[in-house]
Amino acid sequence: VRVLGSDGLNVADLRRFLARSAKEKNGEEEEGDGDTVSAASCMDALNQTLNYGHMAPTGPDSLPTFPSAESDPFVLKYKPSVYFVGNCDQFETRLVDANGEEIAEDNAADGQNVTRLVCVPSFAMTGEVVLVKLRSLECEVVSFNDASL
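Note that this is a predicted model, so its numbers are computed, not measured.

S.K.: Would you mind going over the overall build of the protein chain with me for this structure?
M.R.: Scanning the protein chain from terminus to terminus reveals 3 helices and 6 strands. Starting at the N terminus and walking to the C terminus, you meet the elements of the protein chain as β-α-α-β-β-β-α-β-β. Buried residues in the protein chain amount to 34% of all 149 residues. Counting contacts in the protein chain only where the partners sit at least 6 residues apart, residues at least 24 apart contribute 60% of the total. Total accessible area on the protein chain is roughly 9,500 Å²; 49% of this is exposed by carbon and sulfur atoms.

In structure tokens:
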């Protein structure tokens, strides 16, 4: 089982670019037009990084990454079994096939090349953690919410 994850800065930065790209496609002005284009969800941006084969597609332009002359450490050489990102607004999960297409939970056969995408919510904001069963790739949210805190 291969597990890959990040703190969420890569996805947050990509979400800004995906929203800007959607605005430009719609022919909308960049500032002051009154209309808003919602940013892509954390899950959509995470799935895009998997499809791009690169964890930080906006670095080093807008995401502080150090360029390497020999190789890019953010290139995904293998599809992970679990790919997670932290500091999201809410818990989201999706099971995708090798092409990045969402598949139903019951359609995932053993040994099939699938990736469990997981958006882990900010613990400070939600009091939630996510557990992933590595054999079945099922997710469970555990909440530590306490009204007295």
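S.K.: What is the right way to read the nonpolar core from this model?
M.R.: A general feature of soluble globular proteins is that nonpolar side chains tend to end up buried together. Within the largest apolar cluster, 15 residues are counted, with the highest numbers of intra-cluster contacts made by Val11, Leu46, Leu50, Tyr83, Val85, Leu117 and Cys119. Breaking this core down by element, the ones donating at least two residues are helix H1 (9-25), helix H2 (42-52), strand E2 (82-88) and strand E4 (115-121). Among the elements that make up this core, the one with the highest residue count is H2 (5 residues). Once residues lying within four places of it in the same chain are set aside, the contact partners of Leu117 are Met43, Leu46, Asn47, Leu50, Tyr83, Glu92, Thr93, Arg94 and Val96.

S.K.: In this structure, what is going on with the pattern of salt bridges? I would like to understand it.
M.R.: Between side chains of opposite charge, a pair can form as their charged atoms come close. Evaluated as defined, the whole model comprises 6 salt bridges. Taking the shortest distance from any N to any O, the salt bridge between Arg94 and Glu102 comes out at 3.8 Å. Residues Glu138 and Lys133 are paired through a salt bridge, measuring 3.7 Å at the closest nitrogen-oxygen approach. The class of Glu138 is partly exposed, set by a relative accessible area of 40%. Within this structure, Asp44, Arg94 and Glu102 form a network of salt bridges that share partners.

S.K.: Looking at this structure, I do not really get the sheet that holds strand E3 (residues 92-96). What am I missing?
M.R.: Pairing between the strands of a sheet comes from backbone hydrogen bonds, and it takes one of two forms, parallel or antiparallel. The mixed open sheet is built from 4 strands, whose spatial order is E1-E2-E4-E3. Every interior strand has two partners, whereas the edge strands, strand E1 (3-6) and E3, have only one. Recorded for the sheet is a direction-independent mean angle of 15° between the axes of neighbouring strands. As defined by bridge partners, E1 adjoins E2 across 4 bridges and the pair is classed as parallel. Along E2, the bridge assignment pairs Gly5 with Phe84. On the sheet, H2 packs against E2, E3 and E4 and is oriented at approximately 140° with respect to E4.

Reading guide: rules and limits
- In this convention, every chain numbers its residues from 1, walking through the sequence in written order.
- For this predicted model, a pLDDT threshold of at least 70 governs which residues receive local features, and a threshold of 80 or more governs which side-chain atom pairs are given and counted, while totals over whole chains, interfaces and linings are taken from all residues.
- Remark: hydrogens and water are excluded; side-chain values derive from all non-hydrogen atoms of the structure.
- By definition, any uninterrupted DSSP run of H or I lasting at least four residues is a helix, any uninterrupted run of E lasting at least two residues is a strand, and each is numbered from the N terminus.
- Relative accessibility decides the category of a residue: with a 1.4 Å probe and only protein chains considered, values under 20% of the type maximum give buried, values over 50% give exposed, and everything between is partly exposed.
- Residues count as neighbours in contact if any of their non-hydrogen atoms are within 4.5 Å of one another.
- In short, Shrake-Rupley with a 1.4 Å probe defines the accessible areas, and a residue's cover is counted only from the protein chains shown.
- In this text, buried Ala, Val, Leu, Ile, Met, Phe, Trp, Tyr and Cys residues form a nonpolar core when linked through side-chain atoms within 4.5 Å.
- Salt bridges, as used here, are contacts in which a Lys or Arg side-chain nitrogen is within 4 Å of a carboxyl oxygen on Asp or Glu.
- The criterion for strand pairing is that DSSP finds at least two bridges linking the strands in question.
- Angles run from 0 to 180 degrees between N-to-C directions of axes, and those axes are lines fitted to C-alpha atoms, restricted for helices to the stretch in contact.

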